[in-house]
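# Summary of structural features
Okay, here's what each chain looks like letter by letter:
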Amino acid sequence: MTRSLRSGTRPPIQLRPSLLVSALALVAATTACASVPAADDPQGSPAAPALRPDSLVSPVERATQPVRIIRTLGPGTERLDTGAIRRIREEGMQRSQVMEIASWLTDVHGPRLTNSPQHRAAADWAMRTMTGWGLENARLEPFAGFGRGWSNERVTVHVVSPQRYPVLAHAAAWTPGTNGLVTGGALRLPSLLRRGDLEQVRGQLRGKFIMASTVNPIPPVFTAPARRWTDEELAQMEAPANPVAAPAAGPGGPGGPGGPGGGQGQQLTVAQIRAMVRTPAPNDTTPLTNAMRNEFLALEGIGALVTTNNARGNYGVFTTATGMAATRGTADATVLPQVNIAPEHFGRILRTIEKGLPVTLEVEVRNTFHDADASFNVIAELPGTDRRDEIVMLGAHFDSWHTGTGATDNASGSAVMMEAMRILRATGVPLRRTVRIGLWGGEEQGLIGSRQHVSQHYGDRDGTRRPGHDRFSVYFNMDNGTGAFRGVYAQGNAAAVPVFRDWIAPLRDLGITTVSMRNTGGTDHLAFDAVGLPGFQFIQDPIEYSTRTHHSNMDTFERLVEDDLKKNAVIVAAFAFIAANRDALFPRKPVASAER
């Protein structure tokens with residue numbers, strides 16, 4: 001916040017000589033922009049000309065629209081078309097479609113595990129929808145090497161003795177099913193640390209459900225699960241910091257990639273491992289690896305692994321991801337059926353077993369692998385005019401985990417970015433540069449889609465550069481839940497700070513006030529930042545992201561906050577509009593800093 005904004009005084013209008021003729025012509029032709037609102041009083045000026053609802057304005061119309069009076073807001077030199085920003089706000093706040101988009105992505109096409117049928121159906125819907133709005137060149141951009149898709153059609157778990165009750169459960173990703181309804185006893189294994197330990201249980205495990213997790217105490221919750229950043233916390237984020245010596249993780253927790261569980265962890269072949277575990281060796285002290293345990297349990301013929309995750313688990317909230325030793329490829333290693341259950345149910349079963357009472361489970365899991373290698377990103381664009389070869393990009397990861405419907409992670413981000421593109425198209429604001437949207441696949445497995453896109457079009461981390469690198473301006477990302485934008489991480493780019501401070505000046509009443517020099521990680525802007533391109537993630541209110549919804553079974557449409565998403569879409573659309581029309585490409589980090 002600048003001093004002039006605090007005091008309520010207006011900075012003087014600044015016009016470049018090259019704009020003077022156009023500005024005078026505009027004043028002579030219309031009085032619509034004769035007065036410009038103060039940044040802290042966005043409603044204080046005459047209303048913008050009425051917009052046609054969801055109007056479709058062609059690139060030719062956009063290119064021939066008159067230049068509006070432009071003023072400088074804040075301490076920098078960014079020229080902002082406040083009339084266009086006012087139109088963006090009106091479209092986004094009064095005729096928003098962001099929740100309808102989110103509902104299609106979650107209620108109809110969720111969850112969207114990469115390369116699953118739901119993921120592909122959601123992508124087809126997104127392309128049709130954006131084409132219907134008037135975006136151009138909507139397409140699936142393939143990338144190789146992801147591996148098979150996977151989907152779950154059914155999972156039921158019941159305790160049938162000593163009492164009957166249902167168990168809240170989900171299948172672990174990329175694991176096989178049970179081949180029908182299976183009944184067996186629940187068993188907690190002793191510690192199996194060395195090869196010789198296998199003899200304690202050999203021949204005793206057929207049809208058993210192995211309780212394979214440790215349960216930690218679940219304390220009472222004394223603080224509200226949902227919260228927003230306070231002014232003091234935002235000021236702390238904005239305080240000077242050394243982004244190289246002490247990079248900070250983003251508030252709200254990174255929407256980071258979920259890696260595969262387990263792993264062989266040794267150099268033996270699968271055939272060698274199987275030979276080892278088949279042969280009794282009671283005195284062998286060779287340390288057991290996860291791969292050895294898995295092959296032994298498969299040899300024994302267990303019913304399934306039963307696991308839980310109570311990192312944030314309480315009140316039936318739990319997370320699940322990739323199964324133990326599961327792989328998206330077609331490796332020879334054995335992958336066992338695995339169900340992840342609520343920590344409260346896991347604890348009840350375990351405590352009953354510890355009392356010496358046998359517990360019997362009925363489990364049925366139906367999973368399907370979908371043979372594929374290539375996956376895809378969803379791409380569409382609004383072509384620019386005189387600088388159409390230069391790119392402003394906005395995006396979010398389109399994939400999700402499979403336990404909820406992928407609402408806050410990350411239908412929220414995808415819906416906001418799609419809505420921002422719709423706003424730009426519906427208002428018909430002029431765009432000199434092309435504005436492109438990328439909805440990424442494979443983020444949860446390690447930013448795969450965005451990294452492949454950057455490698456294909458812009459460059460690699462080894463210093464290789466593609467022709468598009470010099471024509472790229474800036475990328476904006478959303479992936480920290482449903483919370484309102486409260487600022488921007490400058491990602492250690494000092495030149496970006498005054499630019500962003502100017503850009504947020506006319507949007508401060510929407511809640512965005514902070515520019516932090518800190519880095520934030522765990523999501524797709526890193527793919528751009530890694531090759532020296534400006535890539536940014538917004539500071540978002542945490543809401544329930546880290547306490548309830550992130551990667552959890554409760555990540556559903558009900559957890560979305562409509563007003564926050566509407567504001568976020570307006571902010572993204574305004575940022576994209578400003579970036580597309582500023583004289584220069586967005587400032588970059590010095591080369592040495594960008595390559596760290």
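Remember, it's a predicted structure, so these values are computed and weren't measured experimentally. The written sequence of each chain sets the order in which its residues are numbered from 1. The predicted origin of the model limits local features to residues at a pLDDT of at least 70 and limits the giving and counting of side-chain atom pairs to 80 or more, whereas totals for whole chains, interfaces and linings rest on all residues. Hydrogens and waters are ignored; side-chain quantities use all the structure's heavy atoms.

## Observations regarding unusual backbone geometry
For clarity, the cut-off: Helix and strand labels come from DSSP, where a helix needs a run of H or I of at least four residues and a strand needs a run of E of at least two; each type is numbered from the N terminus. The classification of residues rests on relative accessible area computed with a 1.4 Å probe and restricted to protein chains. Under 20% of the type maximum is buried, over 50% is exposed, and intermediate values are partly exposed.
In this structure, Pro162 follows Ser161 across a cis peptide bond, with omega equal to 10 degrees. Here Pro162 lies in the loop between strand E4 (149-161) and strand E5 (165-167). Despite not being glycine, Leu447 shows a phi value in the positive range, around 55 degrees. Mapped onto the elements, Leu447 comes out in the loop between strand E14 (433-440) and helix H12 (448-457). Here Leu447 falls in the buried class, since its relative accessible area comes to 2%. Of note in this structure, Ile543 is not a glycine but carries a positive phi near 50 degrees. Mapped onto the elements of the fold, Ile543 is located in the loop between strand E18 (535-540) and helix H15 (545-549).

## Quick notes on the sheet that holds strand E7 (residues 182-187)
This is how it is decided: Following DSSP output, two strands are said to pair if at least two bridges run between them. Angles run from 0 to 180 degrees between N-to-C directions of axes, and those axes are lines fitted to C-alpha atoms, restricted for helices to the stretch in contact.
Overall, mixed pairing links the 8 strands, which are arranged E5-E4-E11-E7-E8-E9-E10-E6 in an open sheet. Whereas interior strands pair on both sides, the edge strands pair on one side only; in this sheet they are E5 and strand E6 (169-171). Taking each pair of neighbouring strands and ignoring which way they run, the sheet shows an average axis angle of 30 degrees. The sheet contact formed by E7 and strand E11 (residues 360-370) spans 4 bridges and is antiparallel. When the sheet's bridge partners are listed, Val182 is paired in E11 with Val363.

## Description of the sheet that holds E14
The condition is simple: Contact between two residues is taken to exist if any of their heavy atoms lie within 4.5 Å; hydrogens are not considered.
If you walk across this open sheet you meet the 8 strands as E3-E12-E14-E13-E15-E18-E16-E17, and the pairing is mixed. Strands at the two margins of the open sheet, each flanked by one partner only, are strand E3 (136-143) and strand E17 (514-516). Between one strand axis and the next, the sheet turns by 25 degrees as a mean value, whatever way the strands run. When strand E15 (residues 472-477) meets E18, the two strands line up parallel, connected through 3 bridges. Bridge pairing links Tyr475 to Gly535 in E18. Against the sheet, helix H6 (residues 117-133) contacts E3, strand E12 (375-382) and E14, and its axis sits at roughly 10 degrees relative to E12. Sitting on the sheet, helix H7 (residues 231-238) is in contact with strand E16 (485-489), E17 and E18, with an inclination near 35 degrees to E17.

## Points about the environment of Val277
Mapped onto the fold, Val277 is located in helix H8 (residues 270-278). Taking C-alpha positions, Val277 is 9.8 Å from Glu199, a pair spaced 78 residues apart along the chain. Leave out the neighbours within four places in its chain, and Val277 touches Leu198, Arg202, Met292, Glu295, Phe296 and Leu299.

## Describing the packing of aromatic side chains
Put simply, the rule reads: Aromatic pairs are defined between Phe, Tyr and Trp rings, using the six-membered ring for Trp, whenever the two ring centres lie within 6.5 Å; interplanar angles under 30 degrees are classed as stacked, those over 60 as edge-to-face, and all others as tilted. Put simply, a charge is over a ring when the Lys NZ or the Arg CZ is close to the ring centre, within 6 Å, and near the line of the ring normal, within 35 degrees.
Counting across every chain of the model gives 23 aromatic pairs. Between Phe500 and Phe536 the ring centres are 4.9 Å apart and the planes differ by 90 degrees, which places this aromatic pair in the edge-to-face class. Note that Phe500 is positioned in helix H13 (residues 496-504) and Phe536 in strand E18, a separation of 36 residues in sequence. Residue Phe500 shares its accessibility class with Phe536, and that shared class is buried. In this structure an aromatic cluster arises from ring pairing among Phe476, Phe485, Phe500, Trp503, Phe536, Phe538, Phe575 and Phe586. Note that Arg328 overlies the ring of Phe146, its terminal NZ or CZ placed 4.5 Å from the centroid. Positioned above the aromatic ring of Tyr165 is the side chain of Arg348, whose terminal nitrogen or guanidinium carbon lies 3.8 Å from the ring centre.

## What about the packing of H6 against helix H11 (residues 407-427)?
Each pair of packed helices gets described by two things: the angle between the helix axes and the distance between those axes. We count it as follows: By the definition adopted for this analysis, an angle is roughly parallel if under 35 degrees, roughly antiparallel if over 145, roughly perpendicular if from 65 to 115, and oblique otherwise. By convention the crossing between two helices is left-handed if the near helix lies anticlockwise of the far one by an angle smaller than a right angle, and right-handed if it lies clockwise. Note on residue classes: Ala, Val, Leu, Ile, Met, Phe, Trp, Tyr, Cys and Pro are nonpolar, Asp, Glu, Lys and Arg are charged, and everything else, Gly too, is polar.
In the contact formed by H6 and H11, the axes pass within 10 Å of each other and the chain directions differ by 15 degrees. Considering their axes alone, H6 and H11 lie roughly parallel with respect to each other. Judged by the sense of rotation from one axis to the other, the crossing of H6 with H11 is right-handed. For the pair formed by H6 and H11, the contact residues are Trp125, Ala126, Thr129, Met130 and Trp133 on the first element and Met418, Arg422 and Arg425 on the second. Here the contact of H6 with H11 is composed, by residue class, of 5 nonpolar, 1 polar and 2 charged.

## Some words on the confidence of the model for the protein
In plain terms, the rule: pLDDT: the predictor's confidence for each residue, scored from 0 to 100.
Counting all residues, the mean pLDDT for the protein is 85, and 81% of those residues have values of 70 or more. Taken together, the stretch residues 1-74 has pLDDT below 50 and engages in 122 contacts with residues farther than four places along the chain or on a different chain. Here residues 243-266 is modelled with pLDDT under 50, and outside its nearest four sequence neighbours on either side it reaches 74 contacts, counting other chains as well.

## Regarding the pairing of E14
Here is the rule: We call a crossover right-handed when, viewed with the strands running away from us, the connection from the first strand over the helix to the second turns clockwise.
Counting buried positions along E14 yields 8 of 8 residues, so the element is predominantly enclosed. By the bridge criterion, 5 bridges tie E12 to E14 in an arrangement that is antiparallel. Across the sheet, Ala380 pairs through a bridge with Ile437, a residue of E14. For strand E13 (residues 387-397) and E14, the ladder comprises 8 bridges, and the chain directions are parallel. For Val392, the partnering residue across the bridge sits in E14 and is Val435. Each parallel crossover has a hand, and for E13 linked through H11 to E14 it is right-handed.

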